[in-house]
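Report on the structure
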Amino acid sequence: MVLDQLAEVCPSDSPYGTVASPEPTATAALAETRTGARSHTGPDGAWSHAYRWGAAAGDTLIATVIVAVVTAPLAMAPALLAAHAAATGAFFALTTGLQHGYDTRRAAAGPHEYGAVLRAGWIWGSLLVAMAYIGLLEVPAGQLLTAIAATVLTVLVARSLQRALVRHRRRHGYWLRRTLLVGEPEVLRSLTARFEAQPRYGFGVVGTCLSEPVDGWLAAPVLGDVEHAADVVAEHRIRVVVVTASCMGAADLRRFCWQVERYGVELLVAPNMEEVAPVRVALRPVSGSPLLTVAIGASRTQRAVKSLIDRLLGMLLLLASLPVLTASALLVRLTSAGPAYYRQTRIGRDGVPFTMIKLRTMYIDADRRRTDLLPHNDGNAVMFKMRQDPRVTPVGRVLRRFSLDELPQLWNVVRGEMSLVGPRPPLGEEIAGYDADARQRLRVKPGLTGLWQVSGRSDLDWAQTVRLDLNYVDNWSFLMDVTILCRTFRAVFGGRGAY
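Rules used throughout
- Residues numbered from 1 in each chain as written.
- Predicted model: local features only at pLDDT ≥ 70, side-chain atom pairs only at ≥ 80, totals over all residues.
- Heavy atoms only, no water.
- Pairing = 2+ DSSP bridges.
- Helix = DSSP H or I, 4+ residues; strand = E, 2+ residues; numbered from the N terminus.
- Axes fitted to C-alpha atoms, helices over the stretch in contact; angles between N-to-C directions.
- Contact = heavy atoms within 4.5 Å.
- Salt bridge = Lys/Arg side-chain N within 4 Å of Asp/Glu carboxyl O.
- Buried < 20%, exposed > 50% of the residue type's maximum accessible area, 1.4 Å probe, protein only.
- Disulfide = S-S within 2.5 Å.

An order of E3-E2-E1-E4-E5 is seen for the 5 strands of this open sheet, with the pairing classed as parallel. The open sheet is flanked by strand E3 (222-225) and strand E5 (266-270), the only strands paired with a single partner. Averaged over all adjacent pairs, the angle separating strand axes in this sheet is 25°, with direction ignored. Of the pairings in the sheet, the one linking strand E1 (residues 177-183) to strand E2 (residues 203-210) comprises 7 bridges and is parallel in character. Following the sheet pairing, Arg-178 is matched in E2 by Gly-204. Contacts from helix H7 (residues 185-197) reach E1, E2, strand E4 (240-244) and E5, with the element oriented near 155° to E1. Most of the contacts of helix H9 (residues 250-260) go to E5, to which it runs at about 160°, and overall it touches E4 and E5.

In this section: the pattern of salt bridges. Scanning all chains against the criterion turns up 14 salt bridges. One salt bridge in this structure joins Asp-252 and Arg-255, with 3.2 Å as the shortest N-O distance. Within this pair, Asp-252 and its partner Arg-255 are both found in helix H9, separated by 3 residues, close to a single helical turn. The class of Asp-252 is partly exposed, set by a relative accessible area of 43%. Classification of Arg-255 by relative accessible area gives partly exposed; the value is 45%. In this structure, Arg-415 engages Glu-417 in a salt bridge whose closest nitrogen and oxygen atoms are separated by 3.0 Å. For Arg-415, a relative accessible area of 48% corresponds to the partly exposed category. You can call Glu-417 buried: its relative accessible area is 19%. Here the residues in one salt-bridge network are Lys-306, Asp-310 and Asp-481, joined through shared partners.

Now for unusual backbone geometry. We note that His-100 has phi near 60°; this positive angle belongs to a residue other than glycine. Backbone geometry places Arg-237, a non-glycine residue, at a positive phi of 50°. Looking at where Arg-237 falls in the secondary structure, it is placed in the loop between helix H8 (229-235) and E4.

Formally, a disulfide is one covalent bond, and it connects the sulfur atom of one cysteine to the sulfur atom of another. Summed over the entire model, instances satisfying the criterion amount to 0 disulfides. Take Cys-247: it sits in no disulfide, and the sulfur closest to it among the cysteines is that of Cys-209, at 9.6 Å. For Cys-247, a relative accessible area of 15% gives the class buried.

Distances and angles like these do not, on their own, reveal function.
Structure follows, in structure tokens:
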């Protein structure tokens, strides 16, 4: 038996861990529960077949009904109308399938399904328009375009509901694909944590095969070593294998692919990279070997366009917020001694200081009292924050709750000292506590909002704050800015971490 051979290589007291036996064990039962193996009937499981065919049937039905409704006013026999609509609906589903719109390997994770539907809709619609143009379809242009647009939009809504169902089930441990991780223990710890934290991607980790003895605890069972990973795939009905790039040589990886080909598994190779957005990565074949190209940093043109958009949109937002800003400033001035606005030196891009403007939310002696309150810090190791800061005025507490105190920073955006989206503008004394990685936050302009602000703000520890800011700095895109701005409204009204 394969497992007997594995047991000889990895005995019970082996540093690689205990190999699971084919009889039901606690570990095996846990793996069965976590990956929904009881409903597994094929390469992807019963749920994936239901998802694939359900999506295809739903797309066909949606396109059929919409085409029938839109073309109903035409002088066409009912039987001919039904046949015409059904054929058109089936053609849309076929086109979506050819665009890999029913690929369950990426179901409910990422924008792939939406992109497939949009591409299919474009091809399907273009062909229908061409057929109408040459006289094969006697449908007025207006009605035809209405049917095309309504079909694509309705399918997108239906797909989003279907994805929500899959994600809900995956959060409860169902509809996961049985996954084996192969590689170094430290890398596999990180991968396991990511898969556990993001179940929507559908990876149910059954176990690991290690390239070296494990030192410490692994979240997933150790099923063997790298050399016997193919045997583990067979014994445990693995559907996905994730191999770290450095644990096998090119020839070994090729032989491993030959060994597992018969089992129909999906092979993923994890490169030695983290926090890299997919849009930055591309494959470039060189002499038969695929090389990963990684885009590094934004171009000068992108930075110039971002700065222009920041200033123009910042000016519009500043003008629109003037009534709220004026009323807030008046309340601050009337309810506590001192000026309505508070000016403070912050550190901008490349370490250049600038004067940031905020509505005053604290009493005028706040800076002097800060030293006495340091032992009560509720923030993190670098940023000082208090949930119940006695220096905050009653009006200031309301302004902070809805981030109204930050509206004057729009003037800093207009002046080009800040951006609408970016890392939080740090204080000078905070910079002194930065390590080399944290200093990379200064490569871009600080922002009025950012990943830190929409992900929990002061509730995050320093490591999480740095990770989020570096994620933004390294992976910035216009789409990311738009996404963060949209999430900002939810964060503001939710008030999480605002103190």
